[in-house]
Structure formats: structure tokens, C-alpha cells
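# Coordinate inspection notes
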Amino acid sequence: MAMMIKIDKCVAKPTEFNVIKVTSALGDEVQQAFKTADKLDKKLDRPRNTWKAIFQYHGLIWTDIWGFEFIANYGKENQCRRQPVSLNDRIVEDRDSEQFLIPNELFERYFM
């Protein structure tokens, strides 16, 4: 009996995108920014400084309860739920500014 499966070859087109690597220095910076924003927001009726920090750090957030997390596409129609972030993970932003969190192992496997 002949096999009916057909396997094609695919070649990815070269593409350019932005990448943010999560480092301990970045984590410290984000944590400090969110603690400062929280102090400033206590005087306001809305968490404006926290919102500003989320945009400034491309969706990376820090809370005292949950720690370091990522919200992909914050403030957009396709905003994602919070995701835990690990050291050396990458935030990839494509040319349409859509964001993806990619674990370090996968990023190194496919992009390095």
C-alpha cells in the first residue's frame, strides 16, 4: 500500500523584530519602577503611574503578591492574561507591535 502523506520543505524568510531579554538588572529596574509608581498612585484616584510603567517596560510588571510577570499587548484589543517570567526569557515584538513571551530555551533553539 502506498503512503499518502506528503512532506514539504519550508524555509523561513529573513525577518526583523525587536527582542527584550529579561535579565536580573532589568528585573531590579522594573521592580523599583513599580514600587515608585505604587507610592505615587496612592495619592491618585487611578493607577496612572502603574499604567505608564507597564507601557514603559513593554508589559513587564512587578507586584508584591505575584512577583515578576508579563502582560502581552497591554492596553490593546488582543491583550493577553498575565504570564510568569523567568530569567533570560525574551519578549519578542513583531513589526505589527504584537508581543510574545518566549522561554529562553526555545529562543536559543530557533533564533540563535
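Structure first, text after, so check above.
The text that follows walks through the structure, step by step, so that each part is easy to find. As the structure is a computational prediction, the values presented were derived from the model and not from experiment.

### What about a nonpolar patch on the surface?
Nonpolar side chains collect at one region of the surface, where L106, Y110, F111 and M112 lie side by side and expose about 470 Å² of accessible area between them. Looking at where L106 falls in the secondary structure, it is placed in helix 3 (residues 104-111).

### A short note on unusual backbone geometry
A negative phi angle is the norm for most residues apart from glycine, just as the trans form is the norm for most peptide bonds. Positive phi is not limited to glycine here, since H58 has a value of about 55°. Looking at the element boundaries, H58 is found in the loop between helix 2 (48-56) and strand 2 (60-63). One non-glycine residue, S97, lies in positive phi territory at about 70°. Among the structural elements, S97 can be located in the loop between strand 5 (90-93) and strand 6 (99-102). The exposure class of S97 is partly exposed, given its relative accessible area of 40%.

### A short note on the sheet that holds strand 1 (residues 18-21)
The three strands lie next to each other as 1-5-6, forming an open sheet whose pairing is antiparallel. Pairing within the sheet leaves two strands with one partner each, and these edge strands are strand 1 and strand 6. Here the average twist between neighbouring strands, direction ignored, is 20°. Of the strand pairs in this sheet, strand 1 and strand 5 are connected by four bridges, and their pairing is antiparallel. From the neighbouring strand, V19 faces strand 5, where its bridge partner is V92.

### Digging into the sheet that holds strand 2
One open sheet holds the three strands; their spatial order is 2-3-4, and the pairing between them is antiparallel. The strands lining the two open edges of the sheet, one partner per strand, are strand 2 and strand 4 (82-84). Along the sheet, successive strands turn relative to each other by an average axial angle of 40°, direction set aside. By the bridge criterion, three bridges tie strand 3 (residues 67-71) to strand 4 in an arrangement that is antiparallel. Residue pairing for strand 4: I71 is matched across the bridge by R82. Here helix 1 (residues 24-41) sits on the sheet and contacts strand 2 and strand 3; the angle it forms with strand 2, its principal contact strand, is near 60°.

How each quantity is defined
Residues numbered from 1 in each chain as written. Predicted model: local features only at pLDDT ≥ 70, side-chain atom pairs only at ≥ 80, totals over all residues. Heavy atoms only, no water. Patch = residues over 30% accessible without salt bridge, like charges linked within 9 Å, V, L, I, M, F, W, Y side chains within 5 Å. Areas by Shrake-Rupley, 256 points an atom, 1.4 Å probe, with all protein chains shown as cover. Salt bridge = Lys/Arg side-chain N within 4 Å of Asp/Glu carboxyl O. Helix = DSSP H or I, 4+ residues; strand = E, 2+ residues; numbered from the N terminus. Buried < 20%, exposed > 50% of the residue type's maximum accessible area, 1.4 Å probe, protein only. Pairing = 2+ DSSP bridges. Axes fitted to C-alpha atoms, helices over the stretch in contact; angles between N-to-C directions. Contact = heavy atoms within 4.5 Å.

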